[in-house]
Number of protein chains: 2
Amino acid sequence: MESLLYLFLLAPICAIIALLFVWKQARNVMSYPEGTDKMKAIAMAIRNGARTYLKRQYAVVSIFFLIMMIILGIMAAFGLLTPFVPFAFITGGFFSGLSGFIGMKIATYANSRTANAASEGLNRGLRVAFSSGSVMGFTVVGLGLLDISIWFFLLRFVFYASSPEALQVEQITYAMLTFGMGASSMALFMRVGGGIFTKAADVGADLVGKVEAGIPEDDPRNPAVIADNVGDNVGDVAGMGADLYESYVGSIIATAALAVAAGYGFNGVVIPMAMAAIGIIASVIGTFLVRSGEETDQKVLLSALRRGTVFAAVLTAVVALPLVGFVLGWDHIGVFFAVLSGLLAGVLIGIFTEYYTSDIYKPTKELSDSTQTGSATVIIGGVSLGMQSTFVPVVIVCVSLLISFYASGGFSNFNMGLYGVGISAVGMLSTLGITLATDAYGPVADNAGGIAQMCKLDPEVRQRTDALDSLGNTTAATGKGFAIGSAALTALALIAAFVDEVYLIDPGHQFNLNITNPPLLAGLFLGAMLPFLFSAMTMKAVGRAAQSIVVEVRRQFREIIGLMEGTAEPEYDRCVELCTRAAQKEMIVPALSAIIAPILTGVLLGVDAVAGLLCGLTVSGFILAIMMANSGGAWDNAKKFIESGQHGGKGSDAHKAAVVGDTVGDPFKDTSGPSINILIKLVSMVSIVFASLIMKTALLPMLLK
Amino acid sequence: MESLLYLFLLAPICAIIALLFVWKQARNVMSYPEGTDKMKAIAMAIRNGARTYLKRQYAVVSIFFLIMMIILGIMAAFGLLTPFVPFAFITGGFFSGLSGFIGMKIATYANSRTANAASEGLNRGLRVAFSSGSVMGFTVVGLGLLDISIWFFLLRFVFYASSPEALQVEQITYAMLTFGMGASSMALFMRVGGGIFTKAADVGADLVGKVEAGIPEDDPRNPAVIADNVGDNVGDVAGMGADLYESYVGSIIATAALAVAAGYGFNGVVIPMAMAAIGIIASVIGTFLVRSGEETDQKVLLSALRRGTVFAAVLTAVVALPLVGFVLGWDHIGVFFAVLSGLLAGVLIGIFTEYYTSDIYKPTKELSDSTQTGSATVIIGGVSLGMQSTFVPVVIVCVSLLISFYASGGFSNFNMGLYGVGISAVGMLSTLGITLATDAYGPVADNAGGIAQMCKLDPEVRQRTDALDSLGNTTAATGKGFAIGSAALTALALIAAFVDEVYLIDPGHQFNLNITNPPLLAGLFLGAMLPFLFSAMTMKAVGRAAQSIVVEVRRQFREIIGLMEGTAEPEYDRCVELCTRAAQKEMIVPALSAIIAPILTGVLLGVDAVAGLLCGLTVSGFILAIMMANSGGAWDNAKKFIESGQHGGKGSDAHKAAVVGDTVGDPFKDTSGPSINILIKLVSMVSIVFASLIMKTALLPMLLK
C-alpha cells in the first residue's frame, strides 16, 4: 500500500479552521448587548461563581496530574514506558480542561445576551445561544484535532523520524493513548465534579425553594438560585465539553491504535484524522444553515437545527467514500460502510432516545399519567421506562458492531474487522462540531430564562427562552445518543487495542480470552459491577452535597429578615461556595476508583481478568448509562408536560408526584449517567497504558506457574 | 477410577426421608387448633383465594407445557432430541409446581394456627410457623431429589442399560437438563405470576387504604386485604417453592452435566446427588435444634434459627470430605474445597445482604434518615444503596469461582475446574431443606399477623407475630443470598455445559469463544440487556395490575354504603379475582421472552453469540438481582424502622416518604429481582436443549461461509 502520510496535514489545517471559526462566533456573541444593569449584575455573579469553581477544580486536579506524572515518570525511568508518555498525558488533560473552560467562558457571556436578544425576537435569541453553543462545539473538535496533530508531527517527524515504520506507528499510537488517558481523567473529574455541583444546587434549591417555601423556580429570593445557574455552566457546559473532547479524541486514537494490527500502517492512522478534518468543514458549513423565523413552534425550530446536522452528516459521508477508496485502496471500500453504519447508529439511537424521553410520544405521556396515583408509581414507571429503553440501543449497537466488523473484512482478517469497529465510532463523532453546538446551546438558553425570570423581564421573553430550552432538551437527547453509542464502539476498539498491546509487549504471551476462563469471568463480573458502584458513589455524593445546601438555604430563610418579602438579599455566595467545596471533595474517590480498578484487577488476577473487566464494564456501563439518561429525561419531560397544564398543571398533586420523579432523575441523567461513558473509556485506556506494569506484577498467573 | 454407582441410592432414600419428615411436620401443624370462628373464616377465605389462583395458574401453564411438549416431540421425531426429553421436561414442571402447591397448602392452614398459637406464647407461634416452613423446605428437596433419582434410575438401568458408559452419562445428563428446563419454566411462571399478584394486591391495598382512606394495614374494611394475604401465599410461598426447587435441581444437574468432560464419569454424577442426600439428613437434624424461650428479643430468636442452619452446614461439610475422597479419589480432594467455598460464599452473601438491609446497621439507618428531606431523597438513597451493595457479593462470587475452579484442578484440567464450580453451587444449596424452612416461615407469620389484626386479637399477639415476621425478613435475606449466589455459580456451570453440548453435537465445531469475537460480543450486549428488559416488563405488569386494584378498591369505598363505618362487608372476592386475572395475563410475555431470546439469538447469530448471551445475562442478571433485592429490602426495613417510632413514627412526613420507598421496593424485591435468578438459568437450559436446532439453522455463520 502506498503511504499517503501527507494527508495527515488535513487535520491541523482543519483544526485551525475550527478555531478561527470559534473566534468569529465568539466575537459574534460578544457583539450583542448584555441588557439592563440588573441583568449584567446577575450574569456577572454567575460568571464569577463559575470561574471560582473552575479555578478550584483545576487546582485540585493539578495535584492529581502531578502525582500521575510522577508515577508515569518513574515507570518511564524503569523502561516500562517511553519518555513522552508523561507529557502526552498532561497535554490530554490540559486540552480537555481548556475545551471546558472556553465553552463555559463564552456560555457565561452569552446567557444575559441571549435573554436580551430574546426580548427582541425568538430568532435573535436562537442566534446568540446557538453561536455560543458552536463556540463550544468547534473548540472541542479544533483543540482535539490540533493536539492529535501536534503529537503526531512531533513523534513522526522529530523523535522517531528515523525509526522503521512499524515502530513509529506503535510508539505514536501508544503516546496518543496516553494523551487520551489524560483527556479522560480530566473529563471524568469535570463531569463528576460539575455534575455534583449542578445537581446539588438544583436539588437543594428545589427541595427548599419550591417544595418548602413555595416560591417558583429561578426566584431571586432563593439563596441557591445563583448556584443553580452556575451549575448549568460548570456541569452542563464545562463538564460536557471536557466529556466530548475525550470521546472525540478517544475514537480517533482507538482506531489509530488498531492500524498496525490491521496491516494498514500509517494510512490507517491517517484515515480517522482525515475523517475528523472533513467532519469539521462539513460542520462549519452546516452551522450556516441553522436559522429560523419568528415562530415559536418547536417543530420549526427543530427542523432549523436538524437541517444543519443532517447536511453535515451527509456531506461527511459523501466525502468519506473517495477518502477511504483513495487512502486504503478500493478493495477496502467496506470500511466506508463502517463509517455509514456508525453515523446511522448515532442518529438512530438519538431518535429512540427522543422517543422514550419526549412528551410528544407514548412512553413519557404514560409516565405523566402515572402521576395520578402518586410518586411511587411515577418512580416505578420511570425506572421501568429506562430499563425498557435499553433494548433498541443495544440492538442498534450490536447491528452496527457486526456490520462494521464484517464490512471491513473481519471474516478474513480479524484485526481489519476490529479496525472497522473503531472507524464506525469515528464516523459517528466526525460531525461533533455541529451536533455539540446544537446540544451546548441548551444550558445557555436555560440560564437566559433564569436571568429573564430574576430580572422580571416581559413573560414573553421567558416563553421564548423556554421554547429554546425545551428544544435544547430534544437536541441534547440526540447528542447523548452519539455520546453513548460512540462510547460503546470506542470502548470495543480499545479492548482490541489492549489485546494488541499485550501481544506487543510480549508476543509469546499466553492470553486466554476464552469466555469460560475463570479469571476472565471474574473480570467480567467485576467490570459489570463497576458502573453500579460508580453510580452509587456519585449519587450519594449528590445526596450529601444537596443535603448541605438544604441546610444552608433553610438557615438563610430563617435568619435573614425580609428575605421572603423581597426587602433583603440572600447570600448567594455561600451556596456557590458550599457546592464548590462539596463537588471538589466528592469527585476524588469516584475518579480515583476508575484508575485503580483496572490496575488492581490486573495486578491480582492478570491480563485475562482485565480483558474481562473491560468487556463487562463496556456492556453493563452502556446499558446502565442509557437507562439512567432515559429515566431521567422522561421524568424531566413528564414534569414539564404537567406544567404545561396537563393533569391539573402546576401545584396539583400530580405535579408534586412528577417533581419527585424529576428530582430523582436529576443525578441519574446529569451526574451518574453521563459519567459512565467516560468511566468506560478511562478504564480501558488505563489498562492499556499500564499493561506492561500489570504483566510484570500479576499475582494469580505467578501463583499458578 | 472405580465406579461407585450404587452410592446414587443415597439420593432416593434420603428423598423419601425428607418426604416422610414433611408428612410428620404437616401433621404437627394440623394438630394445632385454628382459633375462633372468625379466624377460621378468614383463613378459609385466604385458602380459597390461593387455591383458585393456583388452579387458574396451572390451567394457563398447562397450555404452555402442552405446546412445548409438541415442539420437543417434533424435534425428537426429527432426531434432534432423544424421545425422553419431552417427558423429562413435563416432569420437571410438574414437580416444581407440586412443590409450590404443597408449600402453599400447608402455609394457608398454618396462618390462623400460628396466630392462635402466638396468643398462647411466642415459642408456640414459632413452632407452628417454622413447622409449616419446614414442610415447604423438605418438600422442595425431597421432590427434587426424588425426581432426579427416578430419571437417573430409568435411564441408567432401563432405557440405556446396555449402552457404553460415556453415552449413558451424556444421555442421562441431557434428559436431566431438559427436566431442569421444565422446572425452570414452571418456576418462572410461578415467580412472575405470583410476584405480580402479591405486589399488585399489596400496592393497590396500600395506595388506597393507607394513603387515601387513612386506615391501617390489614384493616378488614380494606377490600384488597384478603387479596393481599392471598398474595403472600401465592407469591412468597408458592412462587418461592417453585423457584428454589428449580435452583436445587439446577445446581445438581448442571454439575452432573460436567461430569463427562471432567473425566469423572458416573462418579461425577453421583457426587452432587450424594451431597444433596447428606444435606437432607443434616437439615432434618438441624430442625430439631430450632426452639426458643418466651423472649421476643430478635437476637435470641435469630440465634435459635441460626443454630439449626449452622449445624446442618457444618455437618454436611464434615461428611463431604470423606465422600469426595472416597468417590472421586483422594487426589481429587480439592473438590471438597469447592464445596466449602460454595457453602461459605452463600453464608457471606447472606450476611452482607443482612448488613445492607437490616435497620440495625448503618446503610438502612442512613436511608431512614433521608426520609427527613422527602421521598425523592429516599429513592435516590435506596437506589444507590442497592447499587453499592453489589460490590461485596460480586467479589465473593469471583473469589468462590476462582477457588472452586483452581482447587478442583482447573489449572491442569480446565473441565475439572468447571466441574468444581458446579460443585460449589451444590454445596451452597445442599442444606436447602433447613435454610428454606427458616425462610418460608416468614410469610406464614406475616399472614398470622394479618389474621390477628383482622380478628382484633390482643395487641400482644400482633407484637409476637410481628417479632416472628421481622425475624423472617432477616432470614429471608440470608435465603436470598443463597438463591442469588447459587444462581450465579449454577449459571456458570450451565454455560460450560452449553459449550460441552455444542462439541458433543459436532466435535469439529469451530467455536470462537474469544471475548473479542463480534458475534459473541453482540451476544454479551444482548444478554446483559435481557434482565433490564425483563425487569421492565414485570414492573410494568405490577403497575398495570395495581392500577386495576386501585380503581376497584376506590369503587368499593365509594359504592358500598357503610364500608368505612364497618357496618358493611367489602367484596374481597372481586380483588382476588382481579389480581388472579391480571397475573395470568401479565406473566405470559416475560416468561415466553426467556424461551425465545436464546433461540432467536442463536438462530440469527449462531452459538458463539449464545455463549456471549449466557455470560452477559449471568453477570448483569446477578448484579441487577442483588441491587433490586437489597434496595427493596432496605426500603421495607427503613419504613419499619420509622414505624417503630423513629423520625416521628407512623403518620409523620418521614413515614410518608418511607412508604413511597417501600412501595417502589415491592416490585423490586418481590417480583422482578427474584425472577431474574430463574431467568438466568432458564435461558441457559433452553440454550442447551435447543443447541442442536440452533446449530442447524444459524443464519450469520451460514452467511459468512
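Parameters and conventions
Residues numbered from 1 in each chain as written. Chains lettered and ligands numbered in written order. Predicted model: local features only at pLDDT ≥ 70, side-chain atom pairs only at ≥ 80, totals over all residues. Heavy atoms only, no water. Helix = DSSP H or I, 4+ residues; strand = E, 2+ residues; numbered from the N terminus. Buried < 20%, exposed > 50% of the residue type's maximum accessible area, 1.4 Å probe, protein only. Contact = heavy atoms within 4.5 Å. Areas by Shrake-Rupley, 256 points an atom, 1.4 Å probe, with all protein chains shown as cover. Lys, Arg positive; Asp, Glu negative; His and termini not counted. Charge placed at Lys NZ, Arg CZ, Asp CG, Glu CD. Patch = residues over 30% accessible without salt bridge, like charges linked within 9 Å, V, L, I, M, F, W, Y side chains within 5 Å. Salt bridge = Lys/Arg side-chain N within 4 Å of Asp/Glu carboxyl O. Buried area = accessible area lost by both parts, 1.4 Å probe. Polar contact = N/O pair within 3.5 Å; in protein donor to acceptor, adjacent residues only side chain to side chain. Nonpolar A, V, L, I, M, F, W, Y, C, P; charged D, E, K, R; others polar. Least-squares fit on C-alpha atoms with pLDDT ≥ 70 in both. Core = buried A, V, L, I, M, F, W, Y, C linked by side-chain atoms within 4.5 Å. Disulfide = S-S within 2.5 Å. Expected span 1.5 Å × (residues − 1). Bend = angle between axes of the 7 residues up to and from the residue. Phe/Tyr/Trp six-rings, centres within 6.5 Å; stacked < 30°, edge-to-face > 60°. Lys NZ or Arg CZ within 6 Å of the ring centre and 35° of its normal. Axes fitted to C-alpha atoms, helices over the stretch in contact; angles between N-to-C directions. Parallel < 35°, antiparallel > 145°, perpendicular 65-115°, else oblique. Left-handed = near helix turned anticlockwise from the far one by under 90°. pLDDT = per-residue confidence, 0-100.

Draft legend 1. Expanded view of the overall build of chain A. From N to C terminus, chain A includes 22 helices and zero strands. Its C-alpha atoms give chain A principal-axis dimensions of roughly 75 × 55 × 45 Å. Looking at the 705 residues of chain A, the share that counts as buried comes to 70%. Within chain A, counting contacts between residues at least 6 apart in sequence, those at least 24 apart form 84% of the total. Of the accessible surface of chain A, which amounts to about 21,300 Å², a share of 65% is contributed by carbon and sulfur atoms. In chain A, 43 side chains carry a positive charge and 50 a negative one; their mean positions are 4 Å apart.

Draft legend 2. Summary view of a nonpolar patch on the surface. All names here are of chain B. Taken together, the side chains of Tyr6, Leu9, Ile13, Ile17, Ile281, Ile285, Leu289, Phe311 and Phe326 present a nonpolar region at the surface, about 770 Å² in accessible area. For the nonpolar patch, the secondary-structure elements that each account for two or more residues are α1 (10-30), α8 (265-287) and α9 (298-328). Structurally, Phe326 can be placed in helix α9.

Draft legend 3. Layout of the interface of chain A and chain B. The interface of chain A with chain B comprises 73 residues on the first partner and 73 residues on the second. Both faces combined, the contact of chain A with chain B buries some 6,400 Å², and carbon together with sulfur accounts for 85% of it. In this assembly, chain A and chain B are joined by zero salt bridges. Applying the counting criterion to the chain A and chain B interface returns four residue pairs in polar contact (both at pLDDT 80 or more). Secondary structure elements with two or more residues in the side of chain A that touches chain B: α12 (375-388), α13 (391-407), α14 (414-429), α16 (459-505), α17 (518-559), α19 (607-643), α20 (653-689) and α22 (699-704) of chain A. Class assignment of the residues belonging to the side of chain A that touches chain B gives a composition of 54 nonpolar, 16 polar and three charged.

Draft legend 4. Inspection of the relation of the copies chain A and chain B at higher detail. With an RMSD of 0.0 Å, the fit of chain A onto chain B corresponds to turning through 180 degrees and sliding 0.0 Å along the axis. The two molecules are tied by a two-fold rotation axis, judged by turn and shift. Among all residues of chain A, the one whose C-alpha sits closest to the rotation axis is A:Asn514, at a distance of 2.4 Å. In this assembly the copies share their binding face: 100% of the residues contributing to the interface of chain A also contribute to that of chain B.

Draft legend 5. Here's a closer look at the side chain of A:Gln556. When you line up the elements, A:Gln556 lands in helix α17. Separated by 2.9 Å, the side chains of A:Gln556 and A:Glu552 make a polar contact.

Draft legend 6. Structural detail: the nonpolar core. A:Tyr248, A:Phe498, B:Tyr248 and B:Phe498 are the most contacted members of the largest nonpolar core, which has 533 residues in total. When near neighbours in sequence (up to four residues on either side) are disregarded, A:Phe498 contacts A:Phe511, A:Val607, A:Val610, A:Ala611, A:Leu614, A:Ser687, A:Ile688 and A:Ala691.

Draft legend 7. Representation of the pattern of salt bridges. Under the defined criterion, the tally for this structure stands at 51 salt bridges over all chains. Here A:Lys199 ties to A:Asp666 by a salt bridge, and the two come within 3.5 Å at their closest N and O atoms. Here A:Lys199, found in helix α5 (residues 165-213), pairs with A:Asp666, found in helix α20; they are 467 residues apart in sequence, far enough to count as distant. For the salt bridge of B:Arg47 with B:Glu34, the shortest nitrogen-to-oxygen distance reads 3.7 Å.

Draft legend 8. Quick look at unusual backbone geometry. All names here are of chain A. Notably, His647 is not glycine yet its phi reads approximately 50 degrees, a positive angle. Residue placement: His647 occurs in the loop between α19 and α20. Owing to a relative accessible area of 28%, His647 belongs among the partly exposed residues under this scheme.

Draft legend 9. Quick look at a positive patch on the surface. All names here are of chain A. Together, Lys24, Arg127, Arg291 and Arg307 line one region of the surface with positive charge. Looking at where Arg291 falls in the secondary structure, it is placed in the loop between α8 (265-287) and α9 (298-328). Looking at Arg291, the relative accessible area reads 45%, which means it is partly exposed.

Draft legend 10. Spatial organisation of the state of the cysteines. Using the criterion set out here, one finds zero disulfides over all chains in the structure. With no disulfide of its own, A:Cys455 lies closest to A:Cys575 among cysteine sulfurs, the gap being 19 Å. Take A:Cys455: its relative accessible area is 14%, and that puts it in the buried class. In this model B:Cys575 remains outside any disulfide bridge; the closest cysteine sulfur is found in B:Cys579, 6.7 Å from its own.

Draft legend 11. Expanded view of helix α6 (residues 225-257) of chain B. All names here are of chain B. The terminal C-alpha atoms of α6 lie 46 Å apart, and with 33 residues this matches the ideal 48 Å at 1.5 Å per residue to within 8%. Roughly 25 degrees is the biggest bend found in α6, and it falls at Met240. Across the 33 residues of α6, 33 count as buried, placing the element largely inside the fold.

Draft legend 12. Examining the packing of aromatic side chains more closely. Tallied over the entire structure, the rule returns 46 aromatic pairs over all chains. Across the ring face of A:Phe157, the terminal group of A:Arg156 is positioned such that the distance to the ring centre comes to 4.9 Å.

Draft legend 13. Spatial organisation of the packing of helix α11 (residues 362-369) of chain B against helix α12 (residues 375-388) of chain B. Residues and elements named next belong to chain B. Where α11 meets α12, the closest approach of the two axes is 9 Å, and the angle between their N-to-C directions is 165 degrees. Comparing the axis directions of α11 and α12 gives the class roughly antiparallel. For the element pair α11 and α12, the recorded crossing hand is right-handed. Contacts from Pro363, Thr364 and Leu367 in α11 reach Val378, Gly381, Gly382 and Leu385 in α12. When its residues are assigned to classes, the contact of α11 with α12 shows four nonpolar, three polar and no charged.

Draft legend 14. Focus on helix α2 (residues 37-77) of chain B. Here α2(B) is 41 residues long and its end C-alpha atoms lie 58 Å apart, about the 60 Å a rise of 1.5 Å per residue gives. Just past α2(B), the residue B:Gly79 takes up positive phi, approximately 80 degrees.

Draft legend 15. Here's a closer look at the environment of A:Pro272. Residues and elements named next belong to chain A. Among the secondary structure elements, Pro272 is positioned in helix α8. Assessed through its relative accessible area of 0%, Pro272 is described here as buried. For the pair Pro272 and Gly427, spaced 155 residues apart in sequence, the C-alpha to C-alpha distance is 8.3 Å. Each residue touching Pro272, except ones within four places of it in the same chain, is listed here: Ile252, Thr255, Ala256, Tyr419, Ile423 and Val426.

Draft legend 16. Spotlight on the confidence of the model for chain A. Mean pLDDT for chain A: 89, with 99% of residues reaching 70 or above. Prediction confidence for the complex, expressed as pTM and ipTM, is 0.94 and 0.94 respectively.

Draft legend 17. Main features of the environment of B:Tyr356. Residues and elements named next belong to chain B. Structurally, Tyr356 is set in helix α10 (residues 334-357). Among the residues examined, Tyr356 registers a relative accessible area of 10% and is labelled buried. Distance from Tyr356 to Gly386, taken between C-alpha atoms, is 8.1 Å for residues 30 residues apart in sequence. Those residues within four positions of Tyr356 in sequence are excluded, and the remaining contacts are Pro363, Thr364, Leu385, Gln388, Ser389, Asn630 and Ala634.

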